[in-house]
Each structure stands twice: as structure tokens, then as C-alpha cells.
Amino acid sequence: MGAGAAHAQDEKNCLDCHGKPDLVKTGLDGGKISLYVSEKAVAAAAHRYIDCTTCHTADPHKVETPLSKLSLAQKCGTCHQYQYKLHLGSIHGQQLAVGNPDVATCVDCHSPYQDPHSVIRVLEHNAPAYKKNISETCAKCHGNQELMQSYGIVEKVYESYMRSFHGRAMQLGTYEIAQLDKATCTNCHGVHDIKSVDDPNSPVGGLDSLAQTCEKCHTGAGVEFARGFLGHREASPTNIPAALYTEVFFTIFMFSVLGFGALVVVVALFRFSANKWRE
């Protein structure tokens, strides 16, 4: 570590052993489980001033420690009780409770490496949960087409968001501070309490709920405003056809104007060449 760099608190000198990349143990299934903990990652983590024993008990070698998403979420919940309670009621938490390993939990959203030892603070610019990075963090799962299709989700969530006004405004924001008031996934779906879109308690579950969500930013938006929102679906003859035909019209119009402009330039060049040839 370089001079002046922060050092993780390690009162029991755990990193003397766990700082070795080749430290592994054999799991119940015979597979190898890495016990390596990067000192550099821990020294930059939000919990760097909390000793290892806070999460692993004073004598971790005498305690059975199941390495699962559920056990990690439960451990985070011992301190972050409010957030954990919200997560338990979310679609992610409900699925986690029944043993679904696909769903997002604490480290998936708060660690760049899905590692509990490298959880970083939300307000750090490179944090997965920092406002400008949230869509990419959600896309780790919701941009995985194979995974989404296994749950019957056919919408291309990340791609459609990035094509939307909100996504483009976020992407084109010159300064990070200008991106903080742009709508991203958590503005519409919630944070720790994300619900299924089919859940009537979801912020986007039905037009009335969606209208209330839109009104948080768009004062007086109302149901008709929400009715014109494409969401994560493409415009089609059956889904807001006015948007589809308007897009088609302006696409044809744009190429017609460009084509006519190119034709005028070609004719002008031809005329100029012909005059030069006569001279």
C-alpha cells in the first residue's frame, strides 16, 4: 500500500492469513472456497474502521459461517436494520428467503466486486449505488437476456432506459452534480423495497400508482401523462401507436431532408464541374 493510504482496522491480525491469495477451504460439496480478502479493497471500503470480529465474532474459527447470499444479508441486517426490513418485503428479499440465488442482495448493489469486504459508500462516485451508476448496476441482472427470459421478462430494460429521455439526460450530463436530479431505476421502482411490477403496492403497479410516481418530478402529470409513458416496452401498433407512427414519420422526414440536401450538393458540384469544363 502506498504512503498515506488508509489501513483497514485489523486488531486480530486476520489479514496475516486471509491476505494470502492462495488461502482456500474445502466446502461440503468438495469444491474449493477462497478465503482471500484483499487488504487494498478493505482499506477503501466503507467498513474499514470496523474490525473483522464485528461481523465474524471474536472467535470466527469456532463458529460455523455459511457463505450464502441469505447469510450475508442477515449479517448486514444486524446493523442496517431498517434497510434490511425493507429488503425483506421487496421482490428480491421474498425470493431470497425461499432460496433463490439469482436475486440481488446487499453486496450485489453496494460492492463493485460483489464482495462484502469491498462495500463502498453510496456517495462515492464509483459506488455501484451512486446515482449515475445505478442503471448499470441493475443491468448486471436486468441486462442479462438469458436470465431475464428465465423469469418471463422479455423487455430489454437497460437498453430501453438508455434510449429514453431519462437515460440520455443521465448519460449526457456534463457534470456529476447535474446527474443527481435525473430519474433512474430507483426513482421509479424504489430502493431497498423494490416490488414486482405486478404488485398493486408497486410505485409503477397500474396507471394511478405510475401517475403518482411521475408527479414526484413532473408536477400535475396525472393519469394521461402516465398513459403515454412507454416504460421499458417498444412502441408498436398495439402499444402507444401514436409514438410509433410519429417516430416513423420523423425518421422518413429526416432521411428525405438529408437526401434532398445531398442531391442539391451533387447537382451543384456537377454544374460547377460542367462550367469549368466548358471554360
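Source: prediction; values computed, not measured. (Residues numbered from 1 in each chain as written. Predicted model: local features only at pLDDT ≥ 70, side-chain atom pairs only at ≥ 80, totals over all residues. Heavy atoms only, no water.)

Visitor: What's the story with the nonpolar core in this structure? I'm lost.
Guide: Within soluble globular proteins, side chains that are nonpolar tend to cluster in buried spots. Counting 6 residues, the largest nonpolar core consists of Val 204, Leu 210, Ala 211, Cys 214, Ala 221 and Ala 226. Ranked by residues supplied to this core, first place goes to helix 14 (residues 207-215) with 3 residues. Contact partners of Cys 214, with chain neighbours within four places excluded, come to Ala 221 and Phe 225. (Core = buried A, V, L, I, M, F, W, Y, C linked by side-chain atoms within 4.5 Å. Buried < 20%, exposed > 50% of the residue type's maximum accessible area, 1.4 Å probe, protein only. Helix = DSSP H or I, 4+ residues; strand = E, 2+ residues; numbered from the N terminus. Contact = heavy atoms within 4.5 Å.)

Visitor: In this structure, what is going on with the packing of aromatic side chains? I would like to understand it.
Guide: What characterises a pair of aromatic rings is the spacing of the ring centres plus the angle enclosed by the ring planes. For the structure shown, the criterion picks out 2 aromatic pairs. Each ring, one from Phe 249 and one from Phe 250, has its centre 5.2 Å from the other, and the planes form 75°; the classification is edge-to-face. A relative accessible area of 49% means that Phe 250 is categorised as partly exposed. Centroid distance Phe 249 to Phe 253: 6.1 Å. Interplanar angle 15°. Geometry classified as stacked. Of the two residues, Phe 249 and Phe 253 both sit in helix 16 (residues 241-278), 4 residues apart, roughly one turn of that helix. Residue Phe 253 is classed as partly exposed on the basis of its relative accessible area of 47%. Taken together, Phe 249, Phe 250 and Phe 253 form an aromatic cluster joined through their ring pairs. (Phe/Tyr/Trp six-rings, centres within 6.5 Å; stacked < 30°, edge-to-face > 60°.)

Visitor: How should I be thinking about the side chain of Lys 131 in this particular structure?
Guide: Here Lys 131 lies in the loop between helix 7 (106-110) and helix 8 (134-142). Although buried, Lys 131 forms no salt bridge, and the nearest oppositely charged side chain, Asp 181, lies 6.6 Å from it. A polar contact is formed between the side chain of Lys 131 and the backbone oxygen of Lys 182, at a distance of 2.8 Å. (Lys, Arg positive; Asp, Glu negative; His and termini not counted. Salt bridge = Lys/Arg side-chain N within 4 Å of Asp/Glu carboxyl O. Polar contact = N/O pair within 3.5 Å; in protein donor to acceptor, adjacent residues only side chain to side chain.)

Visitor: I tried to follow the state of the cysteines on my own but got confused; where do I start?
Guide: By definition, a disulfide links two cysteine residues through a covalent bond between their sulfur atoms. Evaluation of the coordinates by the stated rule reveals 0 disulfides. In this model Cys 52 remains outside any disulfide bridge; the closest cysteine sulfur is found in Cys 14, 4.0 Å from its own. Residue Cys 79 stays outside any disulfide, its sulfur separated by 6.5 Å from that of Cys 55, the closest cysteine. (Disulfide = S-S within 2.5 Å.)

Visitor: What am I meant to see in the pattern of salt bridges here?
Guide: When charged atoms on two side chains of opposite charge get close, those side chains can pair. Under the definition given, this model contains 5 salt bridges. One salt bridge in this structure joins Asp 108 and Lys 69, with 3.1 Å as the shortest N-O distance. Residue Asp 108 is located in helix 7, and its partner Lys 69 is located in helix 4 (residues 69-77); the two are separated by 39 residues in the primary sequence. Relative accessible area serves as the criterion here: at 25%, Lys 69 is assigned to the partly exposed category.

Visitor: Honestly, the environment of Val 266 in this entry has me stumped. Any pointers?
Guide: Mapping Val 266 onto the fold places it in helix 16. Counting along the chain gives 126 residues from Val 266 to Lys 140, while the straight-line C-alpha distance between them is 48 Å.

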